[in-house]
Amino acid sequence: MFTFANGVHPKGCKYLSAEEPIMRGPEPKQVYVPLSQHIGVAAEPVVESGAYVRRGELIGKAAKGLSANVYSPVSGTVRGVVGHITLAGKKRDHILIENDFKDESVSLPPLSEISRESVLGRIAEAGIVGMGGATFPTAVKLGVEEGKVDTLVINGAECEPYITCDYRIMKEYTHELIQGIKFTMLACGAKRAVIGVEKNKPEAITVLKEACGGEITVKSLKTKYPQGAEKQLVYCCTKRVIPEGKLPADAGVVVVNIHTAFSIYKAVEENTPCYERVMTVSGKAVDKPCNIWVKNGTLLRDIAEFCDGKEDCARIVSGGPMMGEPVFSLKVCTGKGMSSLLFLDETECESKSAEPCIGCGKCVSACPMGLSPVFIERALFSKDYKEAKHYGAEACIGCGCCSYVCPAKRFLVQSVKLAKKKIKEKGI
Amino acid sequence: MAEIKNYNVAISPHKLDSLNTRRIMLDVIIALLPCVIIGTLYFGLYALLLVVICTVTCFVSEQVYNLVRKKPFTTDLSAIVTGVILGLNLPARAPWYLAVIGGVFAIVIVKMLFGGLGKNFANPAATARVFLLLAYGGAMTRFIGADISGNLISDGTIAATYLGGGSVAGLFGKEGYWGGVLSMFFGYTGGSIGETCVPAILLGGAYLMVRRVIDWRIPLVYLLTSAFMVLVCYQSAGEILPQLFSGGLMFAAFFMATDYATSPKWRMNRILYAIGLGVFTVVIRRFGTYPEGVSLAILFMNLLVPAMDTFLVPVRFGQMTKSGKPKPQVMKWLMRALCIAMAATLAIAAPVMEYTRLTRRENIPVSESYEYVRSMQKDIRGNFYFNVQDSLSVPGGQDVEYNVTIGSIYTVKDISPVKQSGKYKAELSLFEGKTYSEIEEIPAGDMQTGATIVNTSLREMLLECYRAINDAGYENKEYTVPNGFSYIDSYVKAGFGGDDLFTVKTELKINDERTQPLEYVVRLKENKVFSVLPVTQSGRYKAELSFFVGKTYEEINALEDLTVSGDGVVSATKTNVALKEMLLECFLAADFQKNALSVPAGFQYLSAAADSALFDGRAYLAVGQAAITSSYTQPLAFVIVLKEGKVSEIVLVKQSTEDYTAELSFFVGKNYQAIKELTNLDTGDPNISAVNITLKAMILECFIAEDLIAGAKTLPAGFSYISAAADSALFGGSAYFVTGSVEINADKIQKLAFMVMLEGGRVSSIESIMQSGKYTAELSFFVGKTYEEISGLTDLGTGDPNTSATKTNTALKAMILECFLAEDMLSGGMTLKEDAAYIRAEYNSALFGGDAYYVTGYADLSEYNYKQPLSYIVVIKDGRVLTIEPVKQSTMGYTAELTFFIGKTAEVIKGLTNLGTGDPQTSATRTNTTLKAMILECFGEYDLAGGDRA
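Residues numbered from 1 in each chain as written. Chains lettered and ligands numbered in written order. Predicted model: local features only at pLDDT ≥ 70, side-chain atom pairs only at ≥ 80, totals over all residues. Heavy atoms only, no water.

> Got a minute to help me understand the pairing of strand β19 (residues 722–727) of chain B in this structure?
It is a general feature of regular strands that their side chains alternate between the two faces of the sheet. Residue and element names in this part refer to chain B. Sheet topology note: the strand β18 (residues 712–713)/β19 ladder contains 2 bridges and is antiparallel. Bridging from a neighbouring strand, A712 pairs with A726 of β19. Sheet topology places β19 next to strand β20 (residues 734–743); 5 bridges connect them, and they run antiparallel. Note on β20: the bridge partner recorded for A726 is A735. The turn joining β19 and β20, which pair antiparallel and follow one another in sequence, is formed by 6 residues; a positive phi near 80° is taken by G732. (Pairing = 2+ DSSP bridges. Helix = DSSP H or I, 4+ residues; strand = E, 2+ residues; numbered from the N terminus.)

And the structure:
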C-alpha cells in the first residue's frame, strides 16, 4: 500500500472511546477562557470585569499580526482578566466568566453571499484555528494568493492513539463535514479535495465515501504513525513532496483538519463561532471514556469529574501519547486545540531513564523525515550544531518516532528539538 | 470522584516501544543458542567449556573495568553476547587461555577503552579473533572436524577446514559435489565451534530477523555479494556454496557483521557495507595468505563505517538540491542496481556453469599396479589429493577408504575417512602433519589405539601415495636424509630447476646460560650456495651471510676466519661457525643423494654410499657411537672417502664437541690390511681411543662395502641371508655378504653380518662385520671346509655353558651353506629368467650334478594376512628330481615335505593330489602345493631343453 517512508506502529487503543457517540460535556461553573488559544499573538480582551456576556459573544479580539478571535462559551458574568496557569506552565491572561447556566446565546450575522472573500472573512471572524492541535489561524492559512493551491487535503488520519473525536465527527456529522469541506475549498481556491482517513476507521471511510462525490474524494491511508503529519499526509494523498523548509501551499496543497472543516461549516452555515470543540476523554484511568463537546476554558478538573477519573491515574496527557503534553495540574483549562485528555494508568504510560546509545539505528529507521536522530544527538552533545544541521535537525517535525523506538530510551526528539532551536539561535 | 493526585509528569512520548537494550541482547543470546547446542553436540563438552570461559571472562572483565574506573556496573547483557560470539569463533580444542585472552582483549581494549557500549570502533569479537589469529596462529588454525562415521560427537581428530585444503567427504554416502556440499551444510567438516552447522545459524538468524533485532539487508547482501565474488574470482559456480558454508561466513553474516555500533545506521549504507564485506572476504580468501578472510573483512569495513556515516548521509524527505530540484536518491538506486545486477548474474551464470569438483583439480592418471591408490589429483596450489582403498583382513573383513590430501610442502595435510569401521578407526593423528620420512619411521607395530591393523594399512597407503607423487614425476621431491646428519631437518628438491632445499636447525651454545636456536633454509644450486634464508636466529648476533653465499663446498670448507669485524662479543662468530658446519652438511647430503650407490643391507655403521662428486673416489657415510664412559656414548658420523683401495679422506660430520676427536692420521692413506692390523689406537687419552676404535670399525666396513660395490655380481632375489655378492678384490675369490639374526634369549636378538669368501670350492676366509662381542662365532669350524663338510657339521657347541655361541655358529653354518649354493649358481653358467612364474635362474650345478633351477614363490596364507616367501633350488637329473635345497621357507615350522618330490618324475609329481602332511595347520600343505607347481615348471623347462625337440 502506498505510504510514506518509515514511521512506527504504536498501539491504537481507540476501542476505549471509538463507539462513544458525541455528547455534551460538562457544564462548568466557571470558565477561564484563554486569550491565547492559537499560534501567534494573544487576543486582546474586549470585555471588562463585571460585564455580562452571552454564549457566542466576542470576548477577545484578534491582535495585530497573526492572531484569532476568542468567543465566550457560556453566558454569565465576566469576573475579569486573570492570570491563570497554562499547560506550558506559564501564567497567561484568561478571561474568567462565571456561568449563570441560563445559556443565552448570540450568533454571528448570516452571510449574504458565499464567496471566497466572505467565507475567508467568516473564518477569520469566527476565530477558527487549526483544531488538530496546531492552532494556526485558519483564515491566514487559507488566504493564499489566487491559484496557488489546487488541492485541499482534509486530515482525517487521526494517527495518535486514543483520540477518536475526528472519527466521531466523520461518522455523525458527515454531511455537515462535507459541506464544510466545500466551503473550505472555496476559501482556499482548491479545485478538489481529498479526505485522508486511516484504514483503522473503516466505517468512517464508508460513510464518507457515500456522502462525498465530485471533486471530493476519500483516500484510505495505511494506519501508521505519523500519518497525520502534514508532509506525510500530503504525500500519501496527492503524491506530492513538500520541499524542505517550505509550506504545503508551495506544493499547491492546503491541509485542514476534520474538526476545523466542521467548525468552518458551523461558522459559515450555522453562524456559530468557535467557542467549543469535541474532545476525546480516554485512558484506562477514567470510568467513562467519551467524546464530548467541551467548552473552551473548562477546567480539566471538571472534565475529570465528568468522566469519573480514577485514583490510579498515573499520568494525565493533553493530546495523544506520542506528542501530547503532560498535565501537571488539573487547574489548567482547555482551549481550541486540546483535542483530547488522557488519563493513563500505570500500564499505559512509562517513565524512562536514558541508557547509553547502542548505535542500533532504529531511530533512523523510524524517522518519517529521514533524519538521523542518533547523530544529531551526538552532534548536540559535542555542541557541533553545524553537524546537527548536516544530519537534518532543522527538518524535524517533532513526531517522537525516534524516542518511541529507541531501545536505550534516550530523549531523542527532545535533543533534536533542542538542536533545531540552537541552530536557529546561532543562525547556522 | 476519586482524588486524582498520584500522577506523574513526564515528557512525550508517554508510551514507548517495548524493545529495550537488554531485551535485544537477550534475543541475540537466544538466537545463538542453537549454535551453542549444536557446537557442543559436534565437538564435545570441552567446546561448551570454552564458550562458558569466554563469556564469563567477558562479563568479569567488563565489571572489573567499571570498578576500576568507578563507573556503575553494567547490567545490559552485551558482554555476554560478545563472550558467546567470541567463544563460538574459537577452534573446538583451543587452549583455555585463548578464550580468556580473547575475551579480555575484546571487552577491555576494543570496547571499554573506547567508551563502552555503542562506542567500540570495531566488532569486539571479530577483532579479538583477528588478534588471536595473529598471536596464536597455530592454535587458532588447528580445527577438528565433526565425526563423520555417523556419530555426531567428534572424536577429536584433526581435520583441516575446507579452506585450509581439507577434503570433505560425502554425507550419508552421497558422493560427489552435492554430497560434499551437504556435508558442509550440516557441519560435517572442520571449523570453529559455532560456525559449521548452517541450519543452526539460519535458525538463529531467522529469529533475529523476525524479532527485528538485525536488519535483513546485511546478511542477505553479504551472502549475495560473496556468492557473486566467488563466481568472479574463482570462475567456478561449484565453488559458491562451499565457500559460503565454510570459514565462518554464515555465522559472521548474521551475528558479527550486524553488530550495531559498528555497522552503518542507514539502510542503503548497510547494503554498501555488506557489499564491501563480501568483496573483501572473497578477495582475501582468493589472493591473500590467510585461508579465511571474514574476520579481517569485518574489521576493515568496521573502520570504514564512520566515513560512510559522515559522507553518505541519506536524502531526507523533501530535501532539495541547491537549484530547487528534489535531491536524487543516488545511493538507493545504486545499491538496488548493484544487488539486482549481482543477483541476475548469479541466476544466469550458476545453473549454466559446470559444477566442477570442489576446487579445480587436474586428474593425474595412476597406473593399475598401485595397491591402494585409486585416483590422484593435483590442484593449482600444488596439493595432491588421493583416494585410497584397501580391504583389511580383520574378522568379518573391513573395507576402508580414505581421501588423503598431501600438501605442496609434502606433509600429509588431511586424511578424511570415507569408509572405515565404526569400531576400529585409524588414529589419524599419527599421520597428519607428518612428512614421508616421519611416516616411514613409524615402526609397523607401534600403532596402538586398538585399530592397529587399520593404522598399519593406512601407513602403507600413505607411503604409496608419496611413491605415486614421485612416480608421477613431480619435481617437489622430499628426500630422506640418511642417518647421521645432525643439522638437516628436511631436504626437498625444489622447483623445476632441481635446486636442493634444506632446512637446517641447531641449538647454539652462546655461553653457560644461553643457547640460541638457529634455523635456516639453505638453497644449493649448481653446487654453490645460492641463498641462505634465516628463519630463526639471534636478533643481535646474526650470521654474516656474505661469507657463504655463492661459494662452493671447497671454498666454504676452507673458510678459517669467520669473525665479524666490530663484533665485540664472539656470538656472531659462533653463529657463523655453526652455519658453516650446517652448510657443509647440506653439500654432503646433496652429494649423497645425487650420486647415491645402493648399500647392501646389514651393515652396522654404513648409512649411505655415493660416487662422490665432491670428493675424488667413493664416499661412505658411517654413523655410529663410541662408548666414552660407562654412562656416556658419543654419537659419531664420518664421511669416509676411499680411492684406489686406500682411505683418501675422512670428513667429520658429527663427533664430540668436547675434544674426544678421532685421530685421523691413524687412518688416512692406509689400505684395508693396514687399518685392520692397527691395534694401538691409543693416543694417550683413554677417551679418544674409544672413538678411534669405532672409526676403525667404520672404515673397515667401508672397505668391505667398496669391495662389494666394485665387484658386484647379480644374484636373483630371494635369498635368506645373502645381501650382496661380489668378486672380491680385497680377499680374492667370491665374497658373499651375509646378514641374519640370532635369538640369544627372549629379550635379545643379535644381528649378524659376515663376509664369507669362497675360493676353489672351499671357505677361504670369513670376516665378521657384526656379531655379538660375547657370543662370537667359532670361525675355525668353517674355514677351509667344503660344502659337504660344512653340511655335515652337527656339533657346533663350543663347550660354552651358554648355548649362545652355538646359536651363532648354527646361523653361520646356514649362511655359509647358502653362499655355496650361490657360488654354485654363479659359476654354473647361470642364466636369469625374467618371465617364468617361479624360476629365477637356471644353471648347471657342480655341487649336485644336474640341471639346477632356482625358484621363488609364495605360499598364500591369506587368512592370516600373510604370504610366506619360498625359495628353493631344484636339481633335476635324468628326468627325476635329484635333490631340493631349501633356501627360504617358513620359520614357523611349515616346511615343505620334500620326500613327496625327491626321486620322482614329472608325471608322478603331476599326479600328486594329496599334499597334506597330516599337519592340522594347512600351511605346510600350501607350501607343498607351491613347491609342486615350482617343480613342474622346472620339468617343463627340462622337457623343452632335452628329449625330442625339433
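> Teacher, can you tell me more about the interface of chain B and chain A here?
As a measure of interface size, the accessible area lost when the parts come together is often cited. With 39 residues of chain B at the contact, the number on the chain A side is 71 residues. Of the roughly 4600 Å² buried where chain B meets chain A, counting both sides, 57% is carbon and sulfur surface. Among the residues of chain B in contact with chain A, B:H14, B:R316 and B:F317 are the three that bury the most area, contributing 18% of the side total. The tally of links from chain B across to chain A stands at 2 salt bridges. In this structure, B:K15 and A:E350 form a salt bridge, with 3.8 Å as the shortest nitrogen-oxygen distance. Across the contact surface, chain B and chain A share 24 residue pairs in polar contact (both at pLDDT 80 or more). Every element with two or more residues in the side of chain B that touches chain A is listed here: α1 (21–43), α12 (267–287) and α13 (294–311) of chain B. Looking at the side of chain B that touches chain A residue by residue, the classes come out as 19 nonpolar, 11 polar and 9 charged. (Contact = heavy atoms within 4.5 Å. Buried area = accessible area lost by both parts, 1.4 Å probe. Salt bridge = Lys/Arg side-chain N within 4 Å of Asp/Glu carboxyl O. Polar contact = N/O pair within 3.5 Å; in protein donor to acceptor, adjacent residues only side chain to side chain. Nonpolar A, V, L, I, M, F, W, Y, C, P; charged D, E, K, R; others polar.)

> Even after reading the chapter, I still don't get the nonpolar core, so can you show me in this structure?
Residue and element names in this part refer to chain B. Ranked by internal contacts, the top residues of the largest apolar core, which has 96 residues, are L88, F251 and F255. At 12 residues, helix α9 (residues 217–234) tops the list of elements feeding residues into this core. Those residues within four positions of F251 in sequence are excluded, and the remaining contacts are L32, C35, I85, L88, N89, G194, E195, I201 and M256. (Core = buried A, V, L, I, M, F, W, Y, C linked by side-chain atoms within 4.5 Å. Buried < 20%, exposed > 50% of the residue type's maximum accessible area, 1.4 Å probe, protein only.)

> Can you walk me through the side chain of B:N403 in this structure?
All names here are of chain B. Along the polypeptide, N403 turns up in strand β6 (residues 398–406). When its relative accessible area of 19% is taken as the criterion, N403 is described as buried. Here N387 takes part through its side chain, which lies 2.9 Å from a polar atom of the side chain of N403.

> Sorry, what's going on with unusual backbone geometry here?
If a residue is not glycine, its phi is most likely negative; likewise, a peptide bond is most likely trans. The amide bond that connects A:Y225 to the next residue, A:P226, takes the cis arrangement and shows omega of -5°. Along the chain, the position of A:P226 falls in the loop between β11 (216–221) and α6 (230–238).

> Can you walk me through the packing of aromatic side chains in this structure?
Here a ring pair, both rings aromatic, is described through the centre-centre distance and the interplanar angle of the planes. One pass over the structure, following the stated rule, counts 29 aromatic pairs over all chains. Aromatic pair B:F280 and B:F300: ring centres 4.7 Å apart, planes at 75°, arrangement edge-to-face. Residue B:F280 is located in helix α12, and its partner B:F300 is located in helix α13; the two are separated by 20 residues in the primary sequence. Overall, the relative accessible area of 29% leaves B:F280 in the partly exposed class. Aromatic ring contacts, followed pair by pair, group A:Y173, A:F262, A:Y265 and A:W293 into a single cluster. Looking at A:K224, its charged tip hangs above the ring of A:F4, at a distance of 4.3 Å from the centre. (Phe/Tyr/Trp six-rings, centres within 6.5 Å; stacked < 30°, edge-to-face > 60°. Lys NZ or Arg CZ within 6 Å of the ring centre and 35° of its normal.)

> How should I be thinking about a positive patch on the surface in this particular structure?
Taken together, the side chains of A:R378, B:R69, B:K71 and B:K119 define a basic patch exposed on the protein surface. Tracing the chain through its elements places A:R378 in helix α10 (residues 373–381). Accessibility expressed as a relative area gives 36% for A:R378, which makes it partly exposed. (Patch = residues over 30% accessible without salt bridge, like charges linked within 9 Å, V, L, I, M, F, W, Y side chains within 5 Å. Areas by Shrake-Rupley, 256 points an atom, 1.4 Å probe, with all protein chains shown as cover. Lys, Arg positive; Asp, Glu negative; His and termini not counted. Charge placed at Lys NZ, Arg CZ, Asp CG, Glu CD.)

> Would you explain the packing of helix α2 (residues 45–68) of chain B against helix α3 (residues 78–88) of chain B in this entry?
When two helices pack together, their arrangement is given by the angle between the helix axes and the distance between those axes. All names here are of chain B. It is at 7 Å that the axes of α2 and α3 come closest, and there the two elements cross at 145°. For the pair α2 and α3, the crossing hand works out as right-handed. Contacts between α2 and α3 involve V51, C54, T55, C58, F59 and E62 from the former and S78, A79, I80, T82, G83, V84, L86, G87 and L88 from the latter. The class makeup of the residues in the contact of α2 with α3 is 9 nonpolar, 5 polar and 1 charged. (Axes fitted to C-alpha atoms, helices over the stretch in contact; angles between N-to-C directions. Left-handed = near helix turned anticlockwise from the far one by under 90°.)

The quantities given are spatial measurements derived from coordinates; they are silent on function.
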